[in-house]
Each structure stands twice: as structure tokens, then as C-alpha cells.
Amino acid sequence: ILALSVAFALMIGCSKSSDTTVTPDGTSSATTVSGTYNDLWIPPTITGTTFNLTLAKTTKQMRTGSVTNTYSYNSTGFWGPTLIMNKGDFVKMNVTNNLPEATTTHWHGFHIPAIMDGGPHQMIDAGTTWTPSFEIRNNAGTYWYHPHLHEKTKEQLTYGTGGLIIIKDPVESALALPRTYGEDDIPLILTSRSYGTSNAFDLSARAYGDYQLTNGTSNAQISLPKQFVRLRILNAEIERGYNLGFSDNRTFYVITNDGGLLDAPVPVTRVKMMVGERVEILVNLGADAVGSSLDLKAYNSGQAFGFPGGESNSSGDFGSLLNNKDFPVLHINVKAATASAITALPAKLTTNTYWTNTDVTNSRTITITGGQGATAFSFDNNLYGDTKINQTVKLNAVEKWTITNNNIFGHSFHIHDIQFKIISRSSGTVGTHESGWKDTVYVPVGESVSVIAKFDDFASSTNAFMYHCHFSNHEDGGMMGQFLVTQ
Ligand code: C2O
Ligand code: CU
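Fair warning: this is a prediction, and the values are worked out from it, not measured in the lab.

Student: Quick question: what am I supposed to make of the overall build of the chain here?
Tutor: Across its full length, the chain carries four helices and 33 strands. A total of 487 residues make up the chain; the buried ones form 52% of that total. Pairs at least 24 apart in sequence give 76% of the contacts found in the chain among residues at least 6 apart.

Listed below in C-alpha cells is the structure:
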């Protein structure tokens, strides 16, 4: 495989597409990029209160040679526009599906009525438009939208269906933080793909791509100003976890979790991100020389359970060139500071009031089951059923959910409707980098994770919310349940 990919990298290293140099892979050695970098694609933005999204078949020059068939919103090619919304706004979404098949569009992390949520039941048939509208009640932070049609989620995601959402609010706006999109506030959507004949995406059962993509760009590079820079990172993989850090092991600062600002920036040298999770980080480039460069890298990040210091990663590479390797996700070239440079780290970000055990009015346990032999992963030995309600929660209940994983694989557990606080991990303490509001949590093998959330505002006796593994292959396989919030 190594010899082949070296030959391949050499082969494509000197080719050019019409306007951009495309050196797709960079995995001839897993640790260094051979060939040149490609400029990071920054998704265009849509602002306001009406968001028009049209999903259609598209193509994108993902690598040298044939274009790759993709699906994308608003013909962006791979991942759609970034939607910028304000907390408190009442927004109207017009989602037109021009694919020859049904889809759904889910607003991941949003606290909205179940009928607007875009889960498996809010089907958008081919050729139709779905028009949910809702108030933005979430805190400022980084969210995302993606398809959620049962048994089609992995395939539609693989094609590139999805995009980022940025919510703004007065608390965040009052802080001295970088917020010039594309300049010192950079969206980074991390995933990977494998390719078949004519550069078609590999849609087989393989869950780990061979070629890493940042915003759909392989071997991505960006020039960033010599100052504090904010990176909004989403793990949009099928199954891979990322353990991120910088090539010189510098300290950087986590400022948000899935559901918004932490109380204060948390210094780290690595941050682990499982599928569906978002963090915003601040990195100080103020001491870097103009013209110098560094990499944001994924360290030993191959598998769901490949985290260093966590579970064993000795179980193989699942056939991916990237698994159990260190590889760059963004090459950063340092340029001169901007006029409005942020040069200091805020000491304090916000004041969150988190739920604690004393607030809890009901507790439940969800056990990860299945996955042995040919059986699909499931919760409590139940596979997803369209009309099966697995949990019923009373409106305004403050619930503690304990997710227990004595199974064979780690999973990324996501609950719709609410943001929760992780209050315990059976393996030890909850990391300060995951101490904020979360909607997705990694549950490693052998661990029980307890989270607390209030299920307020939206009740319905008929429209359910989902909870599921965010590995879309597991979700499609039935590792998903439904809960009703009732009066
Ligand atoms: Cu990101 Cu149920 O989804
Ligand atoms: Cu899973």
C-alpha cells in the first residue's frame, strides 16, 4: 500500500486542474504531506432570517482526474453554506430537495419543536420544499445541519450533504474574540473519504476514509494573521475520532462546547473530538514569525477507540490509511496581523448555570447493546423502529441519562432537543474541555457516562425526538431511539 500510494502521490504531484492545484492525498507518508497544499475552501455564508437551501446532485474536483459526484446545498460542491443566525430571531427555512430521492434536514443541537427538527420523520420528498420556522433559542456557538433520513444518513452525508451553523448572541458579541469569518474566525469541517473508480466516493461499508478533508479540501492550507485566531471545528466523520493539537505542541484554548461558551477558556495541548462534536478554540499566533508555518494535526486519531491514554488502539486499522496515524488537517502559514487583531485572551467568557444531581427529577439508563457477530449496534436491545417510542419524558423534567457501554466499541451519543451537562464518567473525571453544554458525548468501551438536561418548552404527544449514535453507519443500522416529551 505504501509503495502504491507513493507512486500515486508522485503521479498527481505535478498535475494541475483548471484554476486550482489539486494534490488530493498526502498520505504517501501518514505524517507528512507530499506535494503541495491546497487553499482551504471557506463555505460562503447566508445571513438574515430567511434561509433558502436547495439540495441537488453536484460535482467537485476533489482530487486530480475525474470530478467526484457529490450532493450539496446551493451547489457548493461538498458541504453547503454556513448559516449565520442570531439568538432570539424567528427564522424561516426553505429547504428544497432537488435530489431524485427523499432526504431530511436536521438542525443539530437546536432547541426547537420536534416537528421542525428535521429528524427521520420530517421527510422532504424529491422535488418538494420543506418550510419549518422557529425561534433561535440556543446560545452563541457552532452548530450544523445534515441529513437524517433513516438508513440513508451515511450515504447522503458521504456525498457532502450538510453544513455549519453559527449562532450569535449578545453575550458572545460583547467579548473581545476573533469573529471575522474566513479571516480570524475559521470554520473547519473535518472528515475523510475513500475513492473508487473515476474518483467516485466509496459508499461501501467502510467507515474510515483514506484521505482527510478539511471543508472538503485535501492537504488544506490557510494563511492566518499573527494574532489570536479562532477555529470552529466540527467532527463530521462517519466514525473517526480526532485528537487534535498543533505540530509544536503549543497550548491553545477551548472556548466553546457543542452548546456555547464555557465559563472561561480552557488551556489544552490536545482536544479529542468524536463524531458530531464541535469546539471553538483560540490559538495565539502572535509570537510566530511572519512567513513561518505550523500544522493543526490529528494525533493517533484513527479509530473510535484509538485515543491515546484511553482505550487500546491495538485492534487494527480498519483498512484505512489514516487510522492510528498522525496527520495534518490544516497547514497554517503565518502572515501579518490585521488592523483589528485580538491580542489577549479573555479571562472570563460567560456564567453558565449547570444542572446538578440535586436538580434531577427523573433518571434513566440506556445500555449499548448488539454489535456482536452480524448483529447491529442497538440501545437496550432495541433497534430503531419508525413507530417505536423508546422513552417518554415529562415536559420540564430535569433528567439524568446514564449511558452504559460494556460493549465492544466506543460510540458518540447524541440527544436531540436539549443541551446537557456531563456530570460523571465512570472512568474518572470529566475533562474541563468538555465541561460546558453538550449535545453529543463520547462513550468509550467500559464506561458509563451520566448527563443531565432539562426537557423544557416543547411537548408533543405525537412528534418524537431522536437519540442515537452519531456514527452514521451505526445510526443507519438501528442504533437510534425515539423519545416523546409530553405534558
Ligand atoms: Cu447530528 Cu440526530 O443528529
Ligand atoms: Cu455507534
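Student: What's the story with the nonpolar core in this structure? I'm lost.
Tutor: The nonpolar side chains of a soluble globular protein tend to be buried with one another. With 98 residues, the main nonpolar core has I165 and I281 as its most contacted residues. Residue contacts for I281: discarding those within four places in its chain leaves L231, I233, F252, Y253, V254, I255 and V271. One finds Y71, Y73, V95 and L99 within the second-largest nonpolar core, a separate group that totals nine residues.

Student: Help me understand the confidence of the model for the chain, please; the structure alone is not making it clear to me.
Tutor: For any part of a model where pLDDT is low, the fine detail of the predicted coordinates should not be relied upon. The share of residues in the chain with pLDDT of 70 or more is 89%, and the mean pLDDT across the chain is 90. Predicted confidence for residues 306-315 stays below pLDDT 50, and this span has 23 contacts to residues more than four positions away or in other chains. Overall fold confidence for the complex sits at a pTM of 0.92, while the interface term, ipTM, reaches 0.99.

Student: What exactly am I supposed to notice about the UniProt feature "domain: Plastocyanin-like" (unreviewed entry) in the chain here?
Tutor: Within this structure's numbering, the places UniProt gives as "domain: Plastocyanin-like" (unreviewed entry) are residues 62-170 and 359-486. The span residues 62-170 carries 6% helix and 36% strand; its end-to-end C-alpha distance comes to 38 Å. Annotated as 4% helix and 48% strand, the span residues 359-486 places its first and last C-alpha atoms 19 Å apart.

Student: What should I look at first to understand the sheet that holds strand β13 (residues 211-214) in this one?
Tutor: Read from one edge to the other, the open sheet built from six strands follows the order β13-β12-β15-β20-β17-β18, with strand pairing classed as mixed. Looking at the sheet topology across the chains shown, the edges are occupied by β13 and β18 (260-268). If you compare each strand with its neighbour and ignore which way they point, the axes differ by 25 degrees on average. The pairing of strand β12 (residues 185-193) with β13 spans four bridges and is classified as antiparallel. Looking at β13, one finds that T191 is bridged to L213.

Student: Looking at this model, I keep getting lost on the pairing of strand β30 (residues 440-443). Mind explaining?
Tutor: Neither face of β30 is exposed, since T440 and Y442 on one face and V441 and V443 on the opposite face are all buried. Across four bridges, strand β27 (residues 411-415) lies against β30 in antiparallel orientation. Paired with F413 across the bridge in β30 is V441.

Student: I tried to follow the sheet that holds strand β28 (residues 420-425) on my own but got confused; where do I start?
Tutor: Within a sheet, adjacent strands bond to each other through the backbone by hydrogen bonds, running parallel or antiparallel. Spatial ordering of the open sheet is given by β24-β23-β26-β31-β28-β29, a layout of six strands whose pairing is mixed. For this open sheet the edge positions go to β24 (377-379) and β29 (437-438), each flanked by a neighbour on one side alone. Taken together, the eight bridges between strand β26 (residues 398-405) and strand β31 (residues 447-454) define a ladder with antiparallel strand orientation. Looking at β31, one finds that I403 is bridged to V449.

Cut-offs applied
Residues numbered from 1 in each chain as written. Chains lettered and ligands numbered in written order. Predicted model: local features only at pLDDT ≥ 70, side-chain atom pairs only at ≥ 80, totals over all residues. Helix = DSSP H or I, 4+ residues; strand = E, 2+ residues; numbered from the N terminus. Buried ≥ 20, exposed ≤ 12 C-beta atoms within 10 Å, placed from the backbone. Contact = placed C-beta atoms within 7 Å. Core = buried A, V, L, I, M, F, W, Y, C linked by C-beta atoms within 7 Å. pLDDT = per-residue confidence, 0-100. UniProt positions renumbered as here; feature names shortened; annotations may be inferred. Pairing = 2+ DSSP bridges. Axes fitted to C-alpha atoms, helices over the stretch in contact; angles between N-to-C directions.

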